[in-house]
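# Overview (structure and organization)
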Amino acid sequence: MKVAIITARLGSKRLKKKNIKNFFGKPVIYYPIKACQKSKIFKKIYVTTESSIIAKISKKFKARVPFLREKHLSDDKTGTLPVVKNAIHKLKIKANTIVCCVYPVTPLTSFDTLISAYNIFKKSKCSFLFPVIKSNKKTRYSFKLNKQNMIKKNDLSKDYYVDAGQFYFGKAKNFMQKKSLHYSGSSKGMIIPSEHALDVNTNNDWKKLKELYRRKVRNAKI
């Protein structure tokens, strides 16, 4: 069985309520829900949130919200892994189930990108697989890829990459056992064009996201 878990909290310090902000007529969380549905990969699509507002919106678009997340797992200091671990535990997802953790502000993530990632993950022996984009310079968040696109802190390659911040494929047991999505010992990157991803934190980022979305839909179905 394959399941998707979309992580969405209401609080956002710099861009208020960005996970449900209106994006071309729909709450932005609609887009990853729809992409997961159109991919036809997942038997169940869950949203984990502490917000009854987000829960109501998610259910409207046919995602499942069987519980509200605890407040202490919904602040800006809590990382992705604890949130996904909590959902896997509460939902009693079996160890070998393939789980895809998806972020809510990802309208640039198309259903065919999810399908491509899933197919790569199935053929790989990696703990996690997630999209990456090339970085112009070395930062605290950047890493390198070896010839098999496995994540390495140090490698002979001259190119640096960063997490695209869209989704992560992995088996439930890896989400439960590993301490890092990036440095699990066998995490793999799937390189995507830099214009297909954007970390959104400000109003300027939001405007840029809209422009990138307009460009992408001209050439591909999302």
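As the structure is a computational prediction, the values presented were derived from the model and not from experiment.

For the structure shown, the criterion picks out 4 salt bridges. Linking Asp 159 and Lys 134 is a salt bridge whose minimum nitrogen-to-oxygen distance equals 4.0 Å. One end of the pair, Asp 159, is in the loop between strand S8 (151-152) and strand S9 (160-163); the other, Lys 134, is in strand S6 (residues 128-135), with 25 residues separating them in the sequence. Residue Asp 159 is classed as partly exposed on the basis of its relative accessible area of 25%. In the salt-bridge network here, residues are joined through shared partners; they are Glu 211, Arg 214 and Arg 215.

Turning our eyes to something else, we now look at the side chain of Asn 146. As for its placement among the helices and strands, Asn 146 is situated in the loop between strand S7 (144-145) and S8. Engagement of the side chain of Asn 146 in a polar contact is seen with the backbone nitrogen of Gln 148, the distance being 2.9 Å. Of the polar contacts made by the side chain of Asn 146, one reaches the backbone nitrogen of Met 150; its length is 2.9 Å.

In this section: empty space enclosed by the protein. Applying the stated criterion across every chain yields a total of 1 cavity of 30 Å³ or more. In this structure, the largest cavity encloses a volume near 50 Å³. Of the residues contributing to the lining of the largest cavity, the split by class is 7 nonpolar, 3 polar and no charged.

About the thresholds
Residues numbered from 1 in each chain as written. Predicted model: local features only at pLDDT ≥ 70, side-chain atom pairs only at ≥ 80, totals over all residues. Heavy atoms only, no water. Salt bridge = Lys/Arg side-chain N within 4 Å of Asp/Glu carboxyl O. Helix = DSSP H or I, 4+ residues; strand = E, 2+ residues; numbered from the N terminus. Buried < 20%, exposed > 50% of the residue type's maximum accessible area, 1.4 Å probe, protein only. Polar contact = N/O pair within 3.5 Å; in protein donor to acceptor, adjacent residues only side chain to side chain. 1 Å grid on protein atoms, 1.4 Å probe; cavity = no way out; pocket = protein on both sides within 12 Å on 5 of 7 lines; lining within 4 Å. Points joined across faces, edges and corners; volume = space filled by probe spheres on them. Nonpolar A, V, L, I, M, F, W, Y, C, P; charged D, E, K, R; others polar.

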